[in-house]
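Residue-level structural notes
Spelled out from the first residue to the last, the chains are:
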Amino acid sequence: MDILAPDKFVVVDYSIQKIALVKINRPDVKNALNTEVRKQLAQIFTELSFNDDIHAIVLTGGDEVFAAGADLKEMATATSTEMLLRHTERYWNAIAQCPKPVIAAVNGYALGGGCELAMHTDIIIAGKSATFGQPEIKVGLMPGAGGTQRLFRAVGKFHAMRMIMIGAMVKAEEAYSIGLVSQVTEDDQTIATAIQMAQSLAKMPPIALQQIKEVALMSEDVPLNAGLALERKSFQLLFSTEDKHEGIQAFMEKRKPSYQGK
């Protein structure tokens, strides 16, 4: 386990080839997301974005809890100006803009900022015990890191409004049925399932994966015709990659391709 911060709020395991396993490590407070955790996550994801040896990332809080929300102790006496000057969006952007595929492995609570953090990833694997929610309304607040935006895009208006306006929590199976998670598994298999999926992603052509992620995310905010044009240009770009030639040749020769990210 490679510790990237002296206080060990976030740790990274590089022992699996081409995979980075990023773990939030504040079990005493159910992995509450204070400013230092966000800073460390941002630093780690920025470094991983430029690490050519890493092809996929798994983000988890461990076997018991993903993240039970923001650290309310930091917010209890904060003013609007203080919150503005923290610029926490900069920390979140490092995760949202990571070009590598990111899988969240969620056990236990993923509430408030924890739910928002999971929604910053590309794929969410949830253990059966996982609980998702945006309960900020219950303390006189509202989501502030994408909960009103990413949740709407993931599950639609009516499910999102119930979760945000009432603070309703949804278990893993319901989260799957409304489109919030990608797959539900046994609690003791959540991280292993995410790692297995990450290993499958790591065998894919890296440039094509990056283009898929970039086009899909950018197209959320543009008209269909603009999104189709962006997709078409990225599709055409891949015809100049060595991986495209290797993939087609391997298919014709009935062998497994060996992609180099070139």
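As a reminder, the structure under discussion sits directly above these lines.
So, a few notes on the structure that sits alongside this text. Predicted model, so just to flag it, every value in this text is computed and none were measured. (Residues numbered from 1 in each chain as written. Predicted model: local features only at pLDDT ≥ 70, side-chain atom pairs only at ≥ 80, totals over all residues. Heavy atoms only, no water.)

Turning our attention to the pairing of strand S4 (residues 56–60). Burial analysis of S4 places five of its five residues in the buried class, which makes it a mostly covered element. Side chains Ala56, Val58 and Thr60 project from S4 onto one buried face, and the interleaved Ile57 and Leu59 project onto a second face that is buried too. Relative to S4, strand S3 (residues 19–24) runs parallel, the two being bridged by five bridges. Among the inter-strand pairings, Leu21 is bridged to a residue of S4, identified as Val58. The pairing of S4 with strand S5 (residues 102–106) spans four bridges and is parallel. Opposite Thr60, over in S5, you have Ala105 as the bridge partner. (Buried < 20%, exposed > 50% of the residue type's maximum accessible area, 1.4 Å probe, protein only. Helix = DSSP H or I, 4+ residues; strand = E, 2+ residues; numbered from the N terminus. Pairing = 2+ DSSP bridges.)

Before going further, it helps to spend a moment on helix H10 (residues 206–218). When the terminal C-alpha atoms of H10 are compared, their 18 Å separation across 13 residues agrees well with the 18 Å that a helix rising 1.5 Å per residue should span. Within H10, burial applies to Pro206, Ala208, Leu209, Gln211, Lys213 and Val215. For H10, the elements touching its buried residues are S5, helix H9 (190–202), helix H11 (224–237) and helix H12 (242–252). (Expected span 1.5 Å × (residues − 1). Contact = heavy atoms within 4.5 Å.)

It is at 7 Å that the axes of helix H6 (residues 147–155) and helix H7 (residues 157–165) come closest, and there the two elements cross at 140°. Put simply, H6 runs oblique to H7. In this structure, H6 crosses over H7, and the sense of that crossing is right-handed. Where H6 approaches H7, its residues Gly147, Thr148, Leu151, Phe152 and Val155 are matched on the opposing element by Lys157, His159, Ala160, Met161, Met163 and Ile164. For the contact of H6 with H7, the per-class residue count stands at seven nonpolar, three polar and one charged. (Axes fitted to C-alpha atoms, helices over the stretch in contact; angles between N-to-C directions. Parallel < 35°, antiparallel > 145°, perpendicular 65-115°, else oblique. Left-handed = near helix turned anticlockwise from the far one by under 90°. Nonpolar A, V, L, I, M, F, W, Y, C, P; charged D, E, K, R; others polar.)

Our focus in this paragraph is the packing of helix H1 (residues 35–49) against helix H4 (residues 89–96). Direction vectors running N to C along H1 and H4 enclose 35°, while the axes themselves pass 8 Å from each other. Of the two elements, H1 crosses H4, and the hand of that crossing is left-handed. Contacts between H1 and H4 involve Thr35, Arg38, Lys39, Leu41, Ala42, Phe45 and Thr46 on the former and, on the latter, Tyr91, Trp92, Ala94 and Ile95. In terms of residue class, the contact of H1 with H4 is built from seven nonpolar, two polar and two charged.

Summed over all chains, the structure comprises one aromatic pair. Pairing Phe235 with Phe239 gives two aromatic rings, centres 5.1 Å apart and planes at 80°, and the pair type is edge-to-face. Between the NZ or CZ atom of Arg26 and the centre of the ring of Phe9, over which it lies, the distance is 4.9 Å. (Phe/Tyr/Trp six-rings, centres within 6.5 Å; stacked < 30°, edge-to-face > 60°. Lys NZ or Arg CZ within 6 Å of the ring centre and 35° of its normal.)

Let us look at the sheet that holds strand S6 (residues 109–111). One open sheet accounts for three strands, arranged S6-S8-S9; its pairing is mixed. Every other strand in the sheet has two partners, leaving S6 and strand S9 (169–171) as the edge strands with one partner each. Between one strand axis and the next, the sheet turns through 20° on average, direction left out of account. Both S6 and strand S8 (residues 131–133) contribute to a ladder of three bridges, which runs parallel. Bridged to Leu111 within S8 is Gly133.

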